[in-house]
Amino acid sequence: MGKSFNLPKHVAIILDGNRRWAKERGMPSWQGHARGAERAEEISKHAIDLGIKYVSLWGGSYSNLTKRGAGEIRFLDGEYGRWAKRALEDKYIEENGVCIRFIGEWPSLLSKETRDAIMAVEKKTKKYSKHHLTYLIGYNGDREMLAAINSIVKNKVSRATEKIIKSHLWTKDLPPVDLLIRTGEDLKVQHMSAGFMMWDIKDAILYFSPKMWPAFTRADFSRII
């Protein structure tokens, strides 16, 4: 894909279908999450290689980390920590100037070991600006919007504007989403989840892929782009 290609500036992906992918193959759900984590690393790097500046991945909702079984939540916690530790040693991140951030309520939901690893990655990569890789963990868009409204009220803002609303969102440092991809959408009527980035996707192109996230490939991503 040539450099002259009109790439979207910001691509967001809802990674759906890990558990269904595992169930279809008679596997425990954790194996779906493990394969999904590998796919997230692969696709995010592929997007960066294509030249996309902002890539945002919904790696786990607030509901995932509060309503799933204890064993599954522990596995997800460990998977986030393992990824963060790999990223700390990954030369690709440094060579490509990738700033990594985590957005959501993860600080109150994950173990100390995982939180420490995540914060170490953010600290190490905050100086980079060529590419921006954002993971939304413990994130629900409706909870983000409620938090923004409560913050505006707390600050006694007399009149809300688009700029003010954006400045109170957890995603305040991210540009609008140009393209949103949702995987694992095998229903005839597509739908969104928990108001995902509802302010930032208002003008985005929406693409629904029937492929479960663990089966989603670099070729699939390139074709959509």
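A. The overall build of the protein chain, seen in detail. When helices and strands are tallied, the protein chain shows nine helices and six strands. Against the globule reference of 17 Å for 225 residues, the protein chain gives a C-alpha radius of gyration of 17 Å, in line with a compact fold. In the protein chain, the share of contacts with a sequence separation of at least 24, taken over all contacts with a separation of at least 6, comes to 81%. Element-wise, carbon and sulfur atoms account for 53% of the exposed surface of the protein chain, whose accessible area totals about 11600 Å².

B. Local environment of the environment of A87. Tracing the backbone through its elements, the reader meets A87 in helix α4 (residues 70-89). As for A87 and R68, which are separated by 19 residues in sequence, their C-alpha atoms are 26 Å apart. Setting aside residues up to four positions removed in sequence, A87 forms contacts with I93, I100 and V121.

C. How the structure looks around α4. Here α4 contains 20 residues, and its C-alpha end-to-end distance of 29 Å stays within 8% of the 28 Å for a straight helix at 1.5 Å per residue. All of the buried residues in α4 are E72, I73, F75, L76, D77, G78, E79, Y80, G81, W83, A84 and A87.

D. Focus on the pattern of salt bridges. In total, this model carries 19 salt bridges according to the counting rule given. R82 is the salt-bridge partner of E79, the closest N and O atoms lying 3.0 Å from each other. Of this pair, E79 and R82 both sit in helix α4, three residues apart, which is roughly one turn of the helix. Note that K211 and D220 form a salt bridge whose closest N and O atoms lie 2.9 Å from each other. Sharing partners across several salt bridges, the network here consists of E41, K45, R86 and D90.

E. Region of the structure containing the environment of A117. As for its position among the elements, A117 is in helix α6 (residues 112-125). The residues contacting A117, other than those within four sequence positions of it, are G81, A84, K85 and L88.

F. Geometry of the pairing of strand β2 (residues 54-60). Of all the seven residues making up β2, six are buried; the element is thus mostly covered by neighbouring parts of the structure. Here strand β1 (residues 10-14) runs beside β2; their pairing, made up of five bridges, is parallel. Bridge pairing in β2 places A12 opposite S56. Note that β2 and strand β4 (residues 131-137) share six bridges and pair parallel. What sits directly across from S56, in β4, is T134.

G. Examining the packing of aromatic side chains more closely. In total, this model carries ten aromatic pairs according to the counting rule given. On the numbers, 5.6 Å between centres and 20 degrees between planes, the contact of F102 with Y135 is stacked. Of the two residues, F102 is situated in strand β3 (residues 98-103) and Y135 in strand β4; the sequence distance between them amounts to 33 residues. Neither residue differs from the other here; F102 and Y135 are each classed as buried.

H. The arrangement of empty space enclosed by the protein in detail. Scanning the model with the defined rule gives one cavity of 30 Å³ or more in all. Forming the walls of the largest cavity are E41, S44, K45, I48, W83, R86, A87, D90, I93 and L133. Broken down by secondary-structure element, the contributors of at least two residues to the lining of the largest cavity are α2 (29-50) and α4. The element contributing the most residues to the lining of the largest cavity is α2, with four residues. Within the lining of the largest cavity, the residues separate by chemical class into five nonpolar, one polar and four charged.

I. Summary view of unusual backbone geometry. With phi around 55 degrees, K156 is a residue other than glycine that occupies positive phi space. Mapped onto the secondary structure, K156 falls in the loop between α7 (141-154) and α8 (162-167). The exposure class assigned to K156 is exposed, which follows from its relative accessible area of 74%. In this model, M197 sits at a positive phi of 45 degrees, which is unusual for a non-glycine residue. Residue M197 is classed as buried on the basis of its relative accessible area, which comes to 0%.

J. Fine view of the nonpolar core. Within the largest apolar cluster, 38 residues are counted, with the highest numbers of intra-cluster contacts made by I13, I100 and F221. The leading source of residues in this core is α4, at six residues. Grouped together as the second largest cluster of nonpolar side chains are 14 residues, A12, L136, L180 and A204 included.

Parameters and conventions
- Residues numbered from 1 in each chain as written.
- Predicted model: local features only at pLDDT ≥ 70, side-chain atom pairs only at ≥ 80, totals over all residues.
- Heavy atoms only, no water.
- Helix = DSSP H or I, 4+ residues; strand = E, 2+ residues; numbered from the N terminus.
- Rg over C-alpha atoms; globule rule 2.2 N^0.38 Å.
- Contact = heavy atoms within 4.5 Å.
- Areas by Shrake-Rupley, 256 points an atom, 1.4 Å probe, with all protein chains shown as cover.
- Expected span 1.5 Å × (residues − 1).
- Buried < 20%, exposed > 50% of the residue type's maximum accessible area, 1.4 Å probe, protein only.
- Salt bridge = Lys/Arg side-chain N within 4 Å of Asp/Glu carboxyl O.
- Pairing = 2+ DSSP bridges.
- Phe/Tyr/Trp six-rings, centres within 6.5 Å; stacked < 30°, edge-to-face > 60°.
- 1 Å grid on protein atoms, 1.4 Å probe; cavity = no way out; pocket = protein on both sides within 12 Å on 5 of 7 lines; lining within 4 Å.
- Points joined across faces, edges and corners; volume = space filled by probe spheres on them.
- Nonpolar A, V, L, I, M, F, W, Y, C, P; charged D, E, K, R; others polar.
- Core = buried A, V, L, I, M, F, W, Y, C linked by side-chain atoms within 4.5 Å.

So far we have only geometry, and geometry alone does not tell us how the molecule works.
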